Amino acid sequence: MFDLERAVKKWRKSHLGMGSIEDGDLAELESHLRDEIDSLISQGKSAEEAFQEAVGKSAGPAEMGVELYRAHARRRGTRRPLDDGGFTLALLGSNARMAVRKMKKHKGSTFINIAGLAVGLTFFILVGLYIQFELGFDRFHKNGERIFRVEQILVHDSGPEATAGCPTPLFKALPADLPEVEAASRVVRAGPVLITTPENTRIEAPGAFYVDGAFLSMFSFPLLKGDAATALSEPNTLVLTKSLARKVFHDEEPLGRVVRVAGDDCKITGVAEEVPANSHLQFEALLSVSTISAESFTRWFDNWVPLYIMTSPGQSAQALGQKIRYFLKKYQGDRSRNELYLRPLPEIHLQARVHWEPGLVGSSKNVLIFAAVSILTLLLGCINFMNLATARSTDRALEVGMRKVAGADRPSLVKQFLGESLITVIFSMVLAVLAAWAVLPSFGQIVNRTLILDPLQNWPLTFGLLGLTLIVGGLAGFYPAIVLSSFRPAKVLRGARSSGGRNPALRKVLVVFQFFISIGLIIGALVIYRQNRFLLNKDLGYTSDQVVVVPMRGPREKFAAFRQELLRNPNILNVADSDYLPYDSSNWTNVSWEGAGPEDYIKINVNYVDENFIPTFAMTVLKGTAFTEGMRSWKENAAILNEAAARKIGWDDPVGKRLLYNVDYRSRTVGGATVVGVVKDFHFLSLHHPIGPIMLRLGSTDWLGGNLYAKISTRDVPGTIASMKKEFEKAYPGFDFAYRFLDEDFRQVYLEERKAGRIVSGLSLIAVFIACLGLVGLSSLAIGQKTKEIGIRRVMGAPISEIALRFTREFLFLVALANVLAWPVAYFAVREWLNNFPYRIDLGWPVFLLAGGAALVLAFVTVGFLAFRAAAADPVESLRYE
Amino acid sequence: MLSKTLVAASTKPMILSILVGGEDYGYQIIQRVKKISGGVLEWSDNMLYPVLHRMEDDGFLVSHWKLSDEGRLRKYYRLTEKGRKELESDRRQWTSVNEALVKLWEFLPAGD
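These lines cover the structure that appears in this document, whether it is placed above or below. Note that the structure is predicted; figures quoted are calculated from it, not measured. (Residues numbered from 1 in each chain as written. Chains lettered and ligands numbered in written order. Predicted model: local features only at pLDDT ≥ 70, side-chain atom pairs only at ≥ 80, totals over all residues.)

Structural notes on the overall build of chain B
- Secondary structure assignment for chain B yields 4 helices and 3 strands.
- Mapped in sequence order, the helices and strands of chain B form the string α-β-α-α-β-β-α.
- Across the 112 residues of chain B, 25% fall into the buried class.
- Long-range pairs, those at least 24 residues apart, make up 47% of the contacts in chain B with a sequence separation of at least 6. (Helix = DSSP H or I, 4+ residues; strand = E, 2+ residues; numbered from the N terminus. Buried ≥ 20, exposed ≤ 12 C-beta atoms within 10 Å, placed from the backbone. Contact = placed C-beta atoms within 7 Å.)

Thoughts on the interface of chain B and chain A
- Every contact between the two is made by 17 residues of chain B and, on the other side, 25 residues of chain A.
- Contributing elements (two or more residues each) for the side of chain B that touches chain A: α2 (26-36), α3 (45-58), β2 (61-67) and β3 (73-79) of chain B.
- Counting residues per element, the side of chain B that touches chain A draws most heavily on α3(B), which supplies 7 residues.
- A class-by-class count of the residues in the side of chain B that touches chain A yields 6 nonpolar, 5 polar and 6 charged. (Nonpolar A, V, L, I, M, F, W, Y, C, P; charged D, E, K, R; others polar.)

Looking at the packing of helix α1 (residues 4-20) of chain B against helix α4 (residues 81-105) of chain B
All names here are of chain B.
- At a closest axis distance of 9 Å, the pairing of α1 and α4 adopts a crossing angle of 125°. Between α1 and α4, the angle falls in the class oblique. The interaxial crossing formed by α1 with α4 has left-handed handedness. The segment α1 lies against α4, with K12, P13, L16, S17 and V20 engaging G83, E86, L87, D90 and W94.
- Looking at side-chain class alone, the contact of α1 with α4 contains 5 nonpolar, 2 polar and 3 charged residues. (Axes fitted to C-alpha atoms, helices over the stretch in contact; angles between N-to-C directions. Parallel < 35°, antiparallel > 145°, perpendicular 65-115°, else oblique. Left-handed = near helix turned anticlockwise from the far one by under 90°.)

Side note on helix α19 (residues 557-568) of chain A
Residues and elements named next belong to chain A.
- What α19 keeps buried is the set F562, R563 and L566. Along the axis of α19, the buried residues cluster in a sector spanning 105°; they form a single face. When the buried face of α19 is taken as reference, the exposed residues oriented beyond 90 degrees from it are E557, A560, A561, Q564 and R568.
- Buried residues belonging to α19 abut β17 (572-578), β25 (707-712) and α22 (717-731). (Arc of directions from axis to C-beta.)

So, the environment of A:D539
Residue and element names in this part refer to chain A.
- Tracing the sequence through the fold places D539 in the loop between α18 (504-537) and β16 (547-551).
- Judged by the 8 C-beta atoms lying within 10 Å of it, D539 falls in the exposed class.
- Residues D539 and H683 lie 144 residues apart in sequence; the distance between their C-alpha atoms is 8.7 Å.

Digging into the pairing of strand β23 (residues 672-679) of chain A
Residues and elements named next belong to chain A.
- Two elements, strand β20 (residues 621-624) and β23, share 3 bridges in a ladder whose sense is antiparallel. Directly across from V621, in β23, lies its bridge partner V679.
- The pairing of strand β21 (residues 637-642) with β23 spans 6 bridges and is classified as parallel. Paired with N642 across the two strands is V679, which belongs to β23. (Pairing = 2+ DSSP bridges.)

Examining unusual backbone geometry
Residue and element names in this part refer to chain A.
- We note that D138 has phi near 60°; this positive angle belongs to a residue other than glycine.
- Secondary-structure assignment places D138 in the loop between α6 (107-135) and β1 (147-156).
- According to the C-beta neighbour criterion, D138 is buried, with 21 such atoms within 10 Å.
- Of note, the phi angle at Q546 is positive, near 60°, even though the residue is not glycine.
- Tracing the sequence through the fold places Q546 in the loop between α18 and β16.
- Judged by the 17 C-beta atoms lying within 10 Å of it, Q546 falls in the partly exposed class.

A look at the environment of A:E273
Residues and elements named next belong to chain A.
- When you line up the elements, E273 lands in the loop between β11 (264-272) and β12 (285-288).
- Separated by 52 residues in sequence, E273 and F221 place their C-alpha atoms 6.7 Å apart.
- Apart from residues no more than four positions distant in its own chain, E273 is found in contact with F221, P222, L224 and K242.

Observations concerning the nonpolar core
Residues and elements named next belong to chain A.
- The biggest cluster of nonpolar side chains holds 89 residues, and the ones touching the most others in it are F515, I519, I523, V760, A767 and L775.
- Of all the secondary-structure elements, those providing two or more residues to this core are α6, α13 (364-391), α15 (410-447), α16 (459-485), α18, α24 (751-785), α26 (800-834) and α27 (845-872).
- Among the elements that make up this core, the one with the highest residue count is α24 (16 residues).
- In this structure A767 touches L376, T377, L380, I517, S518 and L521, once residues within four positions along its chain are discounted. (Core = buried A, V, L, I, M, F, W, Y, C linked by C-beta atoms within 7 Å.)

Regarding the packing of α26(A) against α27(A)
All names here are of chain A.
- Their axes nearest at 8 Å, the elements α26 and α27 cross at an angle of 155°. By the angle between their directions, the pair α26 and α27 is classed as roughly antiparallel. Between α26 and α27 lies a crossing of right-handed hand. Facing α26, whose interface residues are I800, I803, A804, F807, T808, F811, L812, V815, A816, N819 and W823, α27 presents F848, G852, A855, L856, A859, F860, V863, G864, A867, F868, A871 and A872.
- Here the residues of the contact of α26 with α27 sort into 19 nonpolar, 4 polar and no charged.

In structure tokens, the structure reads:
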């Protein structure tokens, strides 16, 4: 039995082998064939005869292919093999060409697709570079696996404190007592330091460390000149990086020269390579720590020396960690609850959050946040793509039907659509890489790192991007490909094309999801912003603005006269000194009191200050008095407690009571102090810590503390600084006037939070942008589909605004839904983050309402504009639109 | 038997002239040409379609697909403004040649 359809199908297949016969051409030819067959049948021939004759009249596939190739070749202007054995290749090629042609035809939606994806990709790349950088710190050291930093857990009553500051004698005791420790080096921050040559050239080194001789053998900071083994073993020796050496000595030989650094004359024993950006220790100069008198490193309760050790080869870090845990009991006594532990070198940058940190730290939490947010943003771009591709299926239904008629089978259609999406993704990726490269410097500033985009060197990056292209192209193209290629030609061709894709519901879900993410991000950004502002503006219990800090130490005898000279300047309002910065007080000790039981003592923070400290910082004395100069001559020291300390001890009125010391690290006597006053609680540590007990003590008479403070007026600040400098150099020649402003210093403490804030706000803006792009695409399509309906309504007299509102309503509902979903999730996320701060904002309604309101307004404006434009169009045009 | 070159040269002006009256599809165009020429011109599919495509590329025609009532998909072509102009130009050229030939053949015996 002759089957016409099967015969035609066979005929079709024979033409498909010709790469030059495109699907549209084939459809046309088939239509022609069928017309011929119909005509012959109407003349009385049988189906079989008609078929044979019609085919006979037609040129064969080969000849047809040749002719069409010639016609198309003019179009292309390229040579192409006519009859290639690789059918897939030809199909791919023609697919690519068709994809490009289609892209040109649908400029609007193509732009939206590419823009949305490219934007998401750009930030994915930037954040990826940042994360790659952060994770790769300190991996360049040859002995890296054997290097650890010894960190301490100081056990206070108020809780444990992790610190990189180890007891000062530990650097000697640890290698001596433990054979597993092959080498050890102290790494004490010295800089910024001023280097002065005998010829009086003065150059500042922003980063400098005091280190032991073993440092250069442990770490891979290669020396260009000098011997690493011995360069820093002697006191008063100095190693400079190449760039610093050039700054100081230009082209002269630096080795052997003597310069003045931080009050000491030092000989230059080496020139080192520049320190790479991904090292947590950043420096331009290294000084031998033996330059500092050995005296400073003898007390077991002085905890301020960061210590790095190198284990002997094959040594298990775990075993050693166990061994050193209670090491301190041997030297601090059994009562000491302080513990030591080892931190592997590569973990320091991201995971160490300790006091006395000498190096550059990042935040592993931030890394996670950035990774999550950038993935979300990329997801949004992909969702956009999927949504738009499926939504455009009305236009494509006809094309799909045609192709199926022309004999394309489902796999080839899927391949075609996947190919199209891949082309789009490749375009977007190229754009994204270019954009990322252009924006990289600014991004680097925001995250405070130097990042480089070098696909040729950075193999993981390049492979990652290629893989990403394939994945995104596959993902974003897969769903539309399946949906579109599953259209039944019969159904489609009979006019069921206004179905608009099988699943408008799914598209709505995707829109909701996009806005869900965007709103969540906005909420996050708002909360971070408010919390940061809160931290920076919180009342610290003292005023720190207009205060200049100059680190210094020296004989006190000159200080009084120096202070008087300074105060002669009417713009200098007060001058004080103390051991520790008011917001970074890290000296803890045990203190007992008169009348306490044998086991009664509290861990308390101690800061030695002078009598001008409290007035300079405008602290509030609640009970008793502040320090006076007269108190210096007392036999016992005067002390001032804060409210928390008084509470802890259990004194309602501490004034006049006596405190007892176990060890006084300054004068090395066991003694007591009389409480003369109580000061209002102030934040002597960063706002990451709750306020604990602190005791201010009047400093000793013969030696100055670590910092000098000058409260200056706002008038003529540069002039004031200059006069301060003059007086300082007169009084303390050879010391560096390395001044800074206290409040700026303070802001640095919260650098990581501010970074997080900026990144999240940036990304949330992008997410919103992409979501809106998606909305534009979808709504313009939806409106396009209803153009006729709009025209009819206008003709029937409906006002423009009513029509516009109708369409806007549906999308607004989706955005509102997204809000409802986003709020609880965002609430939990930000609450988690806020719980890290003992001092935090209240999470109130305004943030959520603001985010939700912004999203609604944006959606309303976006969709409303398009709807209004469509509604306001000439109804005649709308009706004529087919 | 018409010369190939002649057939080839006349295809474009013929198509343009037929489409002046409105849009049409390939198979129909072939039938009309056959009728008008009294059966002399019988275009084949591999002659017509490449020409149609080339003319579309050159901008003389635009095409679109239409669904017939019986459910047959057909590709319809119609003239563009450029096409109309091209038709005018072709018409002038052919008329000039024709007039010259007619004058020359005044003196020849009538052909068969």
